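Structural features, examined
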Amino acid sequence: MGKKIQFIDRLRLGFAVSVAKSVTFIVRSLRLGAASVLPGSIARRIEPRLLQLLSQQVKNGVILIAGTNGKTTTALLLCTILERKGFRVTHNSTGANLENGLMTALLESTNLLGTLNTDYAILEVDENIVPRVLAPLQPRIILCLNLFRDQLDRYGEVDTISKRWTKVISTLPTETVVIPNADDPTLSNLGQQLPQRVLFFGLNEPEHYLEAIPHAVDSIYCPKCGHSLDYEGVYLSHLGDFTCPKCGFTKSKPTLESSEWSQILVGLYNKYNTLAAATAAIELGVDEATIRDTINNFQAAFGRAEDLVIDGKRVRILLSKNPVGTNETIRVVTQSTDKTTLLVLNDRTPDGTDVSWIWDVDTEKLVERGGTLVVSGDRVYDMALRLRYSEKSGESKLNLIVEEDLKQAIATALEHTPENETLHILPTYSAMLEVREVLTGRKIL
């Protein structure tokens, strides 16, 4: 934390930073995008150790946030808490969470000489690159949110990722603080194996158990011995209260009592994000009063339960990019009385090109309630077919509208939304960016 850089490294770094800032200026001046990745990519070619040289200047340390779902919301909440205490925080707020995106975020806070003047760096990191960035970043705190199936064409199964995480995290200094999700068997086991200081977060609210284990379950077997876990109940997917009847492996005890912490964001999945951020903030010495007040006045990150008003009608965007996340957003929709939903399914690189995951989503619950479902996106007909297969035989109450053109799909969905109701939009990642551009007239990335 806050280390000095050698003179020759400073010269090289200064040149790399100057080039990166010039690229940022050109890209933004010409309105070619937000320049959230390219500057870091170019600067890295000039100075391959860019990530290390920048991160070691962070005064109070790097906080790394990894996991399949919830990174952006958790990072923004923790960032807001620290900023309210007067700290200067660097954050890759655009969601660019690969190496070039991390470098670009750090570059934003440097001067032309490459001097980084920030107290904390909160970096959301794609789960697959965690092993590559831990050594150069040397994080003070690592938040491990969850591991679900996500983009299997790129990442593979969760067991493979967790083994990589455990191997590389165990090599970090013992003063590193690791905060895993106690309700995730894989991450609970990870925390129990590490030599570092480990704090856990999780739920202890049986009233929120699901009635049954959903289809989109990734890890219901003991990570120690492979035997089936016994669940007292599940909160979402494989997250819940569990024990192994064979070897005795059981859920780790969370640091905070979840029932004592409120949340303002919709969805039980956001309770996990709230608890993760709160646990980290307390570890950093922030008083509970500030943390609770920030939580109760927090606004969602773009596309994550974000509320907009368009043409006098309320629109809520719920990012839905994998089976678990989509099941949770469907739960939010079905718990409301609103009857119009727009689903947008893309298969681009940020989404993952394999969309077979939609068959693991409990779309039956969305279809059973009836109302109007508008479908769009690059794989519009795949989603439409999935919804048709979700209908029970007999008379259907569903009004399914298939619209290839996204702008027209949004317009159609708004037309079918009564003045006193909310239009819920469930897009994959690249689709979410497109939806926001249409609705707000500006790009995020």
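Residues numbered from 1 in each chain as written. Predicted model: local features only at pLDDT ≥ 70, side-chain atom pairs only at ≥ 80, totals over all residues. Heavy atoms only, no water.

This paragraph deals with the domain arrangement of the protein chain. The domain boundaries assigned to the protein chain delineate domain 1 (57-297) and domain 2 (304-439). For domain 1 and domain 2, the distance between their C-alpha centroids amounts to 27 Å. Contacts between the two partners involve 26 residues from domain 1 and, on the opposite side, 23 residues from domain 2. Both faces considered, domain 1 and domain 2 share a buried interface measuring about 1800 Å² in area, 50% of it formed by carbon and sulfur atoms. Remark: the boundary between domain 1 and domain 2 carries 3 residue pairs in polar contact (both at pLDDT 80 or more). Contributions of two or more residues to the side of domain 1 that touches domain 2 are made by α4 (71-84), β7 (230-236) and α9 (269-283). Taken together, the residues of the side of domain 1 that touches domain 2 break down into 9 nonpolar, 12 polar and 5 charged. (Domains from an automatic or database assignment. Contact = heavy atoms within 4.5 Å. Buried area = accessible area lost by both parts, 1.4 Å probe. Polar contact = N/O pair within 3.5 Å; in protein donor to acceptor, adjacent residues only side chain to side chain. Helix = DSSP H or I, 4+ residues; strand = E, 2+ residues; numbered from the N terminus. Nonpolar A, V, L, I, M, F, W, Y, C, P; charged D, E, K, R; others polar.)

Both faces of strand β4 (residues 141-144) are covered, namely the face carrying Ile141 and Leu143 and the face carrying Ile142 and Cys144. When strand β1 (residues 62-66) meets β4, the two strands line up parallel, connected through 4 bridges. Each residue of the ladder has a partner; that of Leu64, found in β4, is Ile142. Bridge analysis of β4 against strand β5 (residues 177-180) gives 4 bridges, and the strand direction is parallel. Within the sheet, the bridge partner assigned to Cys144 lies in β5 and is Pro180. (Buried < 20%, exposed > 50% of the residue type's maximum accessible area, 1.4 Å probe, protein only. Pairing = 2+ DSSP bridges.)

Turning to the sheet that holds β4, a few remarks are in order. Read across the open sheet, the 6 strands follow the order β2-β3-β1-β4-β5-β6; overall the sheet is parallel. Each having just a single partner strand, β2 (89-91) and β6 (197-198) make up the two edges of the open sheet. Against the sheet, helix α5 (residues 99-108) contacts β2 and β3 (120-125), and its axis sits at roughly 160° relative to β3. (Axes fitted to C-alpha atoms, helices over the stretch in contact; angles between N-to-C directions.)

Taking 1.5 Å of rise per residue, the 15 residues of α9 would be expected to cover 21 Å, and the 22 Å separating its terminal C-alpha atoms lies within 8% of that figure. Within α9, 13 of the 15 residues are buried, which leaves the element mostly enclosed by the surrounding structure. Just downstream of α9, Gly285 is the residue with a positive phi angle, here 95°. (Expected span 1.5 Å × (residues − 1).)

Core analysis: the largest hydrophobic core is formed by 64 residues, its most contacted members being Ile63, Leu78, Leu82 and Ile122. It is α9 that provides the largest number of residues to this core, a total of 8 residues. Counting contributing residues, this core receives three or more from each of domain 1 (57-297) and domain 2 (304-439). With residues up to four places along the chain from it excluded, the contact list for Ile63 reads Leu78, Leu82, Tyr120, Ala121, Ile122, Leu123, Ile141 and Leu284. Leu50, Val62, Ala121 and Ile129 belong to the second largest nonpolar core, which has 39 residues in total. (Core = buried A, V, L, I, M, F, W, Y, C linked by side-chain atoms within 4.5 Å.)

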